[in-house]
Amino acid sequence: MRKLVYYVGVSIDGYISGPGGEWDFYPLAADMIAWINARYPETVPTHVRPHVGMPVEEPNKSFDTVVMGRGTYEPALAVDATSPYAHMRQYVVSTTLGEITDPSVELVTGDPIDLVRRLKAEETGKDVWLAGGGTLAAALLPEIDELIIKSYPVVAGAGISAFSGEFRPTLFSPTQTETFSNGARVTWFTRS
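Attention here is on the structure that accompanies the text.

**A closer look at the packing of aromatic side chains**
Then comes step 1: The final tally for this structure, using the stated rule, is 11 aromatic pairs.
Then comes step 2: Arranged with centres 4.9 Å apart and planes meeting at 45°, the rings of tyrosine 7 and tyrosine 40 form a pair that is tilted. Taken together, the positions of tyrosine 7 in strand E1 (residues 4-10) and tyrosine 40 in the loop between helix H1 (30-39) and strand E3 (63-69) put the pair 33 residues apart, joining distant regions of the chain.
Then comes step 3: On the basis of relative accessible area, tyrosine 7 is assigned to the buried category, the value being 3%.
Then comes step 4: Taking the relative accessible area as the measure of exposure, tyrosine 40 reaches 4% and is therefore buried.

Spelled out as C-alpha cells, the structure:
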C-alpha cells in the first residue's frame, strides 16, 4: 500500500507560509536546492524546473501523485501554470474553487479522506505527496503515514500553520535528519 507523505517547509514557529501566502522568506542555500532537486525532483513544479537547471522530463523518484488544497494551487494559477505538476497526477481539494479548466488537474469537492484512501490502495510503486495546505493537512492527519519537514531557521510570526484544525495530538517518531549550510534541517517522521 502506498503512503501519504506530507512534505512541507515550515518556519521555526510552524508556519508553511505567511498570512498572504508568502513563502519567499525562507532562507535558501545552494546545497539545499541541489539536494531537493536530486532527492525529490517531482516536488519542483514543472514550470520552475528550467529555472533551477532541471530538465522538464526529470523522472519522479518518490511520488507520482500530488494532493493539494486551493491555497497551494492558486499561486500557480497566478503565473498561468494551470498544471503546476504536469509530471504527476494532480488533485486539488476545494469546496470553493468552482472549477478547474485544465483536464490534467482534478478538482475534488468531496471528502479528502475518501480520495486519499482510494489513492493509497493503488499499486503504482510510488507514494502520494500531500503538498499542503494546513487545513487540508489537518483534515488528512488520520491518513498521513510520514512527515518530511524542511525546518527553516526563521520566525514568521503569523501565517498559515502546517496543521490548521482541531486539537488532535498525533505521535510521530523521527527517523532521519539532514542539515544544510543555511541552518535548515530536513527531518523524516513516521507515524508512531
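**Re the nonpolar core**
Then comes step 1: The biggest cluster of nonpolar side chains holds 28 residues, and the ones touching the most others in it are Trp35 and Trp129.
Then comes step 2: Those elements that provide at least two residues to this core are E1, H1, E3, strand E6 (127-132) and strand E10 (185-191).
Then comes step 3: Leave out the neighbours within four places in its chain, and tryptophan 129 touches Val5, Tyr7, Glu42, Thr43, Phe63, Thr65, Val66, Val67, Tyr85 and Met88.

**Thoughts on the environment of methionine 1**
Then comes step 1: Tracing the backbone shows methionine 1 in the segment before E1.
Then comes step 2: The sequence separation of methionine 1 and threonine 124 amounts to 123 residues, and the corresponding C-alpha distance is 9.1 Å.
Then comes step 3: In contact with methionine 1, other than residues within four places in its own chain, are Lys120 and Ala121.

**Focus on a nonpolar patch on the surface**
Then comes step 1: On the surface, Leu28, Ile33 and Val52 cluster together into a nonpolar patch covering about 220 Å² of accessible area.
Then comes step 2: With respect to the element layout, valine 52 can be found in the loop between H1 and E3.
Then comes step 3: Residue class for valine 52 comes out partly exposed when judged on its relative accessible area of 33%.

**What about the sheet that holds E6?**
Then comes step 1: Pairing in this open sheet of 8 strands is mixed, and the strands run E5-E4-E3-E6-E1-E7-E10-E9 from one edge to the other. Because the sheet does not close on itself, it has two edges, and the strands there are strand E5 (105-108) and strand E9 (172-179). Averaged over all adjacent pairs, the angle separating strand axes in this sheet is 20°, with direction ignored.
Then comes step 2: Sheet topology places strand E7 (residues 146-151) next to E10; 6 bridges connect them, and they run antiparallel. Counted as the bridge partner of leucine 147 is phenylalanine 189 from E10.
Then comes step 3: On top of the sheet, helix H2 (residues 70-78) reaches E3, strand E4 (89-93), E5 and E6; it is set at about 100° to E3, its chief contact.

Reading the values: rules and limits
Residues numbered from 1 in each chain as written. Predicted model: local features only at pLDDT ≥ 70, side-chain atom pairs only at ≥ 80, totals over all residues. Heavy atoms only, no water. Phe/Tyr/Trp six-rings, centres within 6.5 Å; stacked < 30°, edge-to-face > 60°. Helix = DSSP H or I, 4+ residues; strand = E, 2+ residues; numbered from the N terminus. Buried < 20%, exposed > 50% of the residue type's maximum accessible area, 1.4 Å probe, protein only. Core = buried A, V, L, I, M, F, W, Y, C linked by side-chain atoms within 4.5 Å. Contact = heavy atoms within 4.5 Å. Patch = residues over 30% accessible without salt bridge, like charges linked within 9 Å, V, L, I, M, F, W, Y side chains within 5 Å. Areas by Shrake-Rupley, 256 points an atom, 1.4 Å probe, with all protein chains shown as cover. Salt bridge = Lys/Arg side-chain N within 4 Å of Asp/Glu carboxyl O. Pairing = 2+ DSSP bridges. Axes fitted to C-alpha atoms, helices over the stretch in contact; angles between N-to-C directions.

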